[in-house]
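# Structural overview for review
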Amino acid sequence: MRTLLAHWCYLAPATARLACTYRQAGLYFRRRALRDLDLPPTILPDPLMHRRWRHYFGGAGFLCAVFCQLRGKRLRPAEIRRVCLLAALAGFFDDLADQVCQDDDSGKRWRDNPEHYGRTADSSGFALHILQKIYDSLPPEHLEAFKQNLHRVFNIETAGRQRQGAPVDQSELGALTAEKGACSVLLFRLLLDHPLADAERRALSELGSLIQLADDMFDLWFDRLNGTVTLPTLLLEKNDLKQLQDLLERQVSGTVRAFRQLPVGVYRRESTLRTVHFLVSISRVCLRHYHRLQKKRGTLPLDNRKAMVVDMARSGHRGQTVWEVMMNDE
């Protein structure tokens, strides 16, 4: 009981941080986001682009809550503007990445050169416009590290190693998942003004790997539809749900260990972990849903969207998530 009470004491400020961060982000998105893009008249975002932008900005809001709880301060206006710009770029780039040529040397042609890729693949000029605005607004001491992590994510996406038919084994797929997730989280962290110490970099890299694995679990049906190979698609096509569960729990444990090695006070460290706990709880609810399907049918109905997409708008899934958040700790 004492352990559970301690969990709730740290969970309360984590919940408040998430609520405050999403409220701050929501107000900004409605009132200033489009204006701060500062788009030239020749570039008009369509409704689909706007929805993807909002979706990516929502995901970035979770990351910002983790960052802010760890440092003990809310986002500054300049920081939230940068986060919104990067969310817009990330959503747009995912669409652009589908346009990369499928030939064998595509990854070599674009390697470490997102600017050239943008000029070639994006006739609208949107991607380069947003990228330059991010470069101009970054803290100077973070610019080089930001570019390095951007290039790593860009190279993974454009190389096409996770397309169906590409020769990729489980170990390579695991390495790609970890690197993509780590670099993506570090990109958003480098938008904040304060320095990034090595211990925090290691902890956030572990968190990024966890987020990418969880995201691939949530997107299982969509990735199969789009011909994208991920650890969840690879393992669940073999009906090996147990290995996927083990992978998730190992990554959760690695993330917790890394955060508990941070040279910060117990309150900031543990309340930050409870912020992460929300994502872990949703991931476990998702895997339990898959487990029930597997137990009932003997195999997973991977092509059945209604069965495989875990809709958190459903009261049953929400109730399970609340119970997981409240009653289970790492």
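Our subject is the structure that appears above.
Our subject in this report is the structure included herewith. (Residues numbered from 1 in each chain as written. Predicted model: local features only at pLDDT ≥ 70, side-chain atom pairs only at ≥ 80, totals over all residues. Heavy atoms only, no water.)

Applying the stated criterion across every chain yields a total of seven aromatic pairs. Ring centres of phenylalanine 93 and phenylalanine 154 lie 5.8 Å apart, and the angle between their planes is 40 degrees; on these two criteria the pair is classed as tilted. With phenylalanine 93 in helix H3 (residues 77-97) and phenylalanine 154 in helix H7 (residues 143-159), this residue pair connects regions lying 61 residues apart in the sequence. Each member of the pair, phenylalanine 93 together with phenylalanine 154, is buried. Taken together, the aromatic side chains of Tyr28, Phe29, Trp53 and Phe57 make up a single cluster linked through ring pairs. (Phe/Tyr/Trp six-rings, centres within 6.5 Å; stacked < 30°, edge-to-face > 60°. Helix = DSSP H or I, 4+ residues; strand = E, 2+ residues; numbered from the N terminus. Buried < 20%, exposed > 50% of the residue type's maximum accessible area, 1.4 Å probe, protein only.)

Before going further, it helps to spend a moment on the nonpolar core. Ranked by internal contacts, the top residues of the largest apolar core, which has 89 residues, are Phe57, Phe126, Ile134, Phe146, Leu191, Phe259 and Tyr290. The contact partners of isoleucine 134, leaving out residues within four places of it in the chain, are Leu85, Leu86, Leu89, Phe146 and Leu191. (Core = buried A, V, L, I, M, F, W, Y, C linked by side-chain atoms within 4.5 Å. Contact = heavy atoms within 4.5 Å.)

Moving on: the packing of helix H9 (residues 198-218) against helix H13 (residues 266-297). Look at H9 against H13: their axes get within 10 Å of each other, and the N-to-C directions meet at 35 degrees. Crossing handedness for the pair H9 and H13: left-handed. Residues Leu207, Leu210, Ile211, Ala214, Met217 and Phe218 of H9 lie in contact with H13, whose contacting residues are Val276, Leu279, Val280, Ile282, Ser283, Cys286, Leu287 and Tyr290. A per-class count over the contact of H9 with H13 returns 13 nonpolar, one polar and no charged. (Axes fitted to C-alpha atoms, helices over the stretch in contact; angles between N-to-C directions. Left-handed = near helix turned anticlockwise from the far one by under 90°. Nonpolar A, V, L, I, M, F, W, Y, C, P; charged D, E, K, R; others polar.)

Let's shift gears to helix H15 (residues 315-327). With 13 residues, H15 should reach 18 Å at 1.5 Å per residue; the first-to-last C-alpha distance of 18 Å fits that figure. All of the buried residues along H15 are His317, Thr321, Glu324 and Val325. Down the axis, H15 shows its buried residues gathered within 95 degrees of arc, on one side only. Opposite its buried face, H15 presents the exposed residues Ser315, Val322 and Trp323, each directed more than 90 degrees away. On its buried side, H15 packs onto helix H1 (2-37) and H13. (Expected span 1.5 Å × (residues − 1). Arc of directions from axis to C-beta.)

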